[in-house]
Amino acid sequence: MPLGFTFLMCSERSGSNLIARMFDAHPDCCGPSPTHLVRVLAENRGRYGDLDDDRAWGELCRDAADLLATKVGAWQREWSAAQLSAASPRRSLAALVRAVFAAEAKAAGKGHLFIKENHLYRYLPFVLRAFPGLRIVAMVRDPRDMALSWKRSPILRGDVVRAARIWQEDQEQLIRVLGFLEPGRDIHLLRYEDLVADPAGALAAACAAVGLPMDPAMLAFHGTASAAAAAVRTDDWKNLGRPVMAANFGKWRDGLDAAEAAYVERLCGPAMAVFGYACETDDPRTTTELEAELLPRERHEKSGWDDVPADEQRLRRERAAVLARIAERCWQ
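The rules behind the values
Residues numbered from 1 in each chain as written. Predicted model: local features only at pLDDT ≥ 70, side-chain atom pairs only at ≥ 80, totals over all residues. Heavy atoms only, no water. Axes fitted to C-alpha atoms, helices over the stretch in contact; angles between N-to-C directions. Helix = DSSP H or I, 4+ residues; strand = E, 2+ residues; numbered from the N terminus. Parallel < 35°, antiparallel > 145°, perpendicular 65-115°, else oblique. Left-handed = near helix turned anticlockwise from the far one by under 90°. Contact = heavy atoms within 4.5 Å. Nonpolar A, V, L, I, M, F, W, Y, C, P; charged D, E, K, R; others polar. Phe/Tyr/Trp six-rings, centres within 6.5 Å; stacked < 30°, edge-to-face > 60°. Lys NZ or Arg CZ within 6 Å of the ring centre and 35° of its normal. Buried < 20%, exposed > 50% of the residue type's maximum accessible area, 1.4 Å probe, protein only. Arc of directions from axis to C-beta. 1 Å grid on protein atoms, 1.4 Å probe; cavity = no way out; pocket = protein on both sides within 12 Å on 5 of 7 lines; lining within 4 Å. Points joined across faces, edges and corners; volume = space filled by probe spheres on them. Disulfide = S-S within 2.5 Å. Expected span 1.5 Å × (residues − 1).

**What about the packing of helix H3 (residues 54-69) against helix H5 (residues 93-108)?**
It is the contact of H3 with H5, at a shortest axis distance of 12 Å, that shows an interaxial angle of 30°. In terms of axis orientation, H3 runs roughly parallel to H5. Judged by the twist between their axes, the crossing of H3 over H5 is right-handed. Residues Trp-57, Leu-60, Ala-64 and Leu-68 of H3 lie in contact with H5, whose contacting residues are Leu-93, Leu-96 and Val-100. In the contact of H3 with H5, the residues fall into seven nonpolar, no polar and no charged.

**Section: the packing of helix H8 (residues 160-180) against helix H13 (residues 258-274)**
Between H8 and H13, the least distance of the axes is 9 Å, while the angle of their chain directions is 5°. Regarding the angle of H8 to H13, the classification is roughly parallel. Judged by residue contacts, Val-160, Val-161, Ala-164, Arg-165, Trp-167, Gln-168, Gln-171 and Ile-175 of H8 engage Glu-260, Tyr-263, Val-264, Leu-267, Cys-268, Ala-271, Met-272 and Val-274 from H13. Partitioned by chemical class, the residues of the contact of H8 with H13 number 12 nonpolar, two polar and two charged.

**Quick look at the packing of aromatic side chains**
Counting across every chain of the model gives four aromatic pairs. Put simply, the rings of Phe-5, Phe-7 and Phe-131 touch in pairs and so form one group of aromatic residues. Of note, Arg-77 hangs over the ring of Trp-79, and the distance from its end group to the ring centre comes to 3.9 Å.

**A short note on the side chain of Glu-291**
In this structure, Glu-291 sits in helix H14 (residues 287-294). In this structure Glu-291 comes out as buried when scored by relative accessible area, which is 18%. Setting aside chain neighbours within four positions, we find Glu-291 in contact with Val-161, Arg-165 and Tyr-263.

**Topic: H14**
Because each turn of an α-helix spans 3.6 residues, side chains separated by three or four positions end up pointing in the same direction. Taken together, the buried positions of H14 are Leu-290, Glu-291 and Leu-294. Take H14 and look down its axis: the buried residues cluster within an arc of 100°, on one side only. Facing away from the buried side of H14 by more than 90 degrees, the exposed set consists of Thr-288 and Ala-292.

**Overview of the layout of surface pockets**
If you roll a probe as big as a water molecule over the atoms, it shows you where there is empty space left. Its volume calculated, the largest pocket comes out at about 1200 Å³. Taken together, 40 residues make up the lining of the largest pocket; nearest its centre are Glu-12, Ile-155, Leu-156, Arg-316 and Arg-319. Among the secondary structure elements, those contributing two or more residues to the lining of the largest pocket are helix H2 (37-43), H8 and helix H15 (310-327). With six residues, H15 is the single largest residue contributor to the lining of the largest pocket. Considered class by class, the residues forming the lining of the largest pocket number 14 nonpolar, 10 polar and 16 charged. Of the pockets and cavities examined, the second largest pocket occupies roughly 670 Å³. For the second largest pocket, the lining is made up of 30 residues, of which Arg-13, Ser-149, Asn-239, Met-245 and Asn-248 are closest to its centre. Those elements giving two or more residues to the lining of the second largest pocket turn out to be helix H1 (16-24), helix H7 (143-152) and helix H9 (192-197).

**Considerations on the state of the cysteines**
Under the counting rule described, the total for this entry stands at zero disulfides. The structure places no disulfide on Cys-29, whose sulfur is separated from the nearest cysteine sulfur, that of Cys-30, by 7.1 Å. Judged by its relative accessible area of 0%, Cys-29 is buried.

**Considerations on empty space enclosed by the protein**
This model, assessed by the stated rule, comprises two cavities of 30 Å³ or more. What the largest cavity holds in volume is close to 70 Å³. Together, Met-9, Cys-10, Ser-11, Asn-118, His-119, Leu-120, Tyr-121, Met-139, Asp-170, Gln-171 and Leu-174 line the largest cavity. Where the lining of the largest cavity is concerned, the elements lending two or more residues are strand S1 (4-10) and H8. When grouped by side-chain class, the residues that make up the lining of the largest cavity number six nonpolar, four polar and one charged.

**Points about H5**
Compared with the 22 Å implied by 1.5 Å per residue over 16 residues, the 23 Å span of H5 between its first and last C-alpha is a close match. Downstream of H5 by a residue or two, Gly-109 has a phi angle that is positive, lying close to 70°.

**Observations regarding the environment of Val-137**
Tracing the chain through its elements places Val-137 in strand S4 (residues 135-140). With relative accessibility at 0%, the residue Val-137 sits in the buried group. A sequence separation of 131 residues divides Val-137 from Thr-6, and the C-alpha atoms of the two residues are 7.1 Å apart.

No statement about biological role is implied by the geometric values presented.
This is how it looks when you write it as structure tokens:
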């Protein structure tokens, strides 16, 4: 049978790694740790020019190999540029990324892939062509809790202002996507709060939407080797080795101060209403006024970075260098 592909559309700090590990625990689904291979290469495809040219194809394969080598999570397969070139049935980005994910599914002995890629809406036309018949799961989280989680992350730069801006952009684009993809057939919408409150029910609905039978193993994801390995590879994934925290929402009420909570609601309020999140603050200040108070607090680097393991720091620095190298390529 042909491989099945599901892509996840979700903001950072919104439960994306949780649901990926849940699907990875399914006996017929591979949910590899994120590489953002598709996003980075799809958004920069024009920098490589004609892939029939040996130099251009070699540069693309080298960049892909370096992106895979600098991922934080563990994969079953490792790749060199030469191996990527040989595995791709033709010289195209679509063929290359399909070959990478197909090989990972084969190594795991599974017939379906659940792939997390940030900002999926930005290169959705490419993904729809490269993975015909794919399904999309879109998951949203209360932006106030997402902003609190972002603020507490020692890895992510910025605080509430940056988090709220990203949530607003991601959800405004999701609303646009929901207008041209058919809900229930092409895309399935899921709220993080519903997933943690009723994992069995939420997963059953998501599985039905992507053409998989629900399996009880998904509820015991935290006991899998892949979840245990992910939980110790970065602080941002530490909860993956634990059972679902059913009450893990509404923590913004204690974790954000009044100005932070009000800012998120002013900026994100219209999209919040679409997804069923009610505003609760009554601060009379405008978004601009609240932002002026909060911007001086935004941290480019956080003190917690010093406690990040040396290997993870190295991988993230190497990834930044690969991304900078790709960005410096001239458009062809």
